[in-house]
Amino acid sequence: MGIFWACATPRAHPVVEHIPLVGDGELSRLYGVAETLLHTTADAYEMSTQGRIVTEKLDETGYDVRCLPLAVERLSLDPPRVHWSGPEVILKGGDRHGPSAADDPRFTLLPEHLCIGLVHSGGRVTGAVVRDLTTGTERTLVADTYVVAGGSVLTPQLLWASGIRPDALGRYLCEQTMATCQVALSDDLARRLDDGPATVEPNLWIPVAEGRPWHAQLHRGIFGYAAVPAGVDRRTVTDLVWFSTCDVRRENAVTFSARVTDPYGLPQPTFHFGPSAADRARADDMLTDMTKAATALGKFLPGAEPRFLEAGFALHITGTTRMGADKRDSVIDPHGKVWGLDNLYLGGGGVIPAGVACNTTLTSMALAVRAAEAITAAT
Ligand SMILES: Cc1cc2nc3c(=O)[nH]c(=O)nc-3n(C[C@H](O)[C@H](O)[C@H](O)COP(=O)(O)OP(=O)(O)OC[C@H]3O[C@@H](n4cnc5c(N)ncnc54)[C@H](O)[C@@H]3O)c2cc1C
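Everything in this summary refers to the structure shown in the same document. (Residues numbered from 1 in each chain as written. Predicted model: local features only at pLDDT ≥ 70, side-chain atom pairs only at ≥ 80, totals over all residues.)

This brings us to the sheet that holds strand S7 (residues 138-141). The three strands lie next to each other as S5-S6-S7, forming an open sheet whose pairing is antiparallel. This sheet does not close on itself; its edge strands, each paired only once, are strand S5 (113-121) and S7. Each strand axis lies, on average, 25° off the axis of its neighbour in the sheet, ignoring direction. (Pairing = 2+ DSSP bridges. Helix = DSSP H or I, 4+ residues; strand = E, 2+ residues; numbered from the N terminus. Axes fitted to C-alpha atoms, helices over the stretch in contact; angles between N-to-C directions.)

What follows deals with helix H6 (residues 277-297). With 21 residues, H6 extends 31 Å between its outermost C-alpha atoms, agreeing within 8% with the 30 Å of an ideal straight helix rising 1.5 Å per residue. Taken residue by residue, H6 has Asp-279, Arg-282, Ala-283, Met-286, Met-290, Ala-293, Ala-294 and Leu-297 as its buried positions. Buried residues in H6, looked at end-on, bunch into an arc of 110°, giving them a common side. Turned more than 90 degrees away from the buried face of H6, the exposed residues are Ala-277, Arg-280, Ala-281 and Thr-288. (Expected span 1.5 Å × (residues − 1). Buried ≥ 20, exposed ≤ 12 C-beta atoms within 10 Å, placed from the backbone. Arc of directions from axis to C-beta.)

Now for the site of the ligand. Taken together, 24 residues surround the ligand, and among them Met-1, Gly-150, Gly-348, Asn-359 and Thr-361 come closest. Broken down by secondary-structure element, the contributors of at least two residues to the shell around the ligand are S5, helix H4 (151-161) and helix H7 (361-378). Its residues assigned to classes, the shell around the ligand shows 13 nonpolar, eleven polar and no charged. (Near = placed C-beta within 6 Å. Nonpolar A, V, L, I, M, F, W, Y, C, P; charged D, E, K, R; others polar.)

Looking now at the nonpolar core. Counting residues in hydrophobic clusters, the biggest one holds 93 residues, and the most contacted among them are Ala-34, Val-183, Leu-240, Trp-242, Met-290, Met-365 and Ala-366. For this core, the element with the highest residue contribution is H7, accounting for seven residues. What Ala-34 contacts, discounting residues up to four positions off in sequence, is Leu-362, Met-365, Ala-366 and Val-369. (Core = buried A, V, L, I, M, F, W, Y, C linked by C-beta atoms within 7 Å. Contact = placed C-beta atoms within 7 Å.)

What follows concerns helix H2 (residues 49-61). End to end, H2 covers 19 Å across 13 residues, agreeing with the expected 18 Å (1.5 Å per residue, within 8%). Among the residues making up H2, those that are buried are Gln-50, Gly-51, Ile-53, Val-54, Lys-57 and Leu-58. For H2, the buried positions fall inside an angular range of 165° around the axis, keeping them on one side. Opposite the buried face of H2, by more than 90 degrees, sit the exposed residues Asp-59 and Glu-60. Positive phi appears at Gly-62, one or two residues downstream of H2, with a value of about 105°.

What follows covers the pairing of S5. Note: S5 against strand S6 (residues 124-132), eight bridges, orientation antiparallel. When the bridges of S6 are listed, Leu-114 appears paired with Arg-131.

What follows is the structure, given as structure tokens:
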């Protein structure tokens, strides 16, 4: 997803989105490492005139509006150009001019390869079987340490296909409720756009806070649901996207079929997911909050009134390979190692054990850095 994501990289709130088992000081250090690797900054869009007008109006209305932390580097203002961070920036340690780990002779990337199974015995993984999708050739890669970071659904899929099936695998699946709408700024606010250059779009954030368990972004949307109708001045349009936490519940799960396979021959996933009563109430409160902010700013674009995104529009799935202190309700230990296997570590969104409202990549990277440090210390 590193070439497709929107690069929002806020930290989780220490109380409302508390990540257990790491410690606040340690988590803050890990976040710092992840922010450096991603080249996270909050100032690439601070010069946006529309952003300033929206911030002032919402501040008056009682919202705590800030610049959204983004994994991005501003290159120029006129024309407005930025460089979004992807894996290539991470491999360069966060400095796109720096040397890349990809040039290290010990680094090999196998494009178009699918891992179809892990071989294991005696509490250790002894090989990873990969298939070249262009030729169908299979081979077994042998290493001291193995890391699976195949995403929140396909990581548990690979473990399940390999006969590694701790009880918590695929359970505790958590996904945020998302609501969105689009507003055209009121005439009063739109007139103030003339105050300065309006070529830089806004990228704003209302952070999670105690009593406010949702994360909010205001920007020009980049997704299909956020297209601006023809004839509307794009500078006057702001997208509001609100994300709420979700209760972590054992019964919310992805399971895998022993009979049916996906197009790549791996076990077919099936999702079992529903909101709790508290999730529903929180979602309603969040929608009310978003509507209040939107109506302070202007009028809804026709067809873009406040709504929840449909089920299945999953962006930030967590929990399916969760970290924990007890192997009865987790898949990995607090340092990323799979319980019962000495040399298998997991990374990615699935390891996050708590319900978080904010975008999850920075938190999963912080936990990945922790696992990488544990691997280095163990080898
Ligand atoms: C439109 C959109 C916008 C988003 N914007 C943001 C944002 O602004 N901020 C944020 O924090 N998050 C954002 N996200 C979410 C973010 O992209 C994901 O949470 C994140 O990518 C999850 O990382 P991951 O490493 O767990 O999985 P992924 O990024 O999905 O990486 C897993 C990789 O493993 C590969 N893989 C899986 N199985 C196998 C196998 N068996 N063999 C070989 N390879 C395999 C997959 O092809 C994939 O490349 C966005 C998501 C979407 C869809």
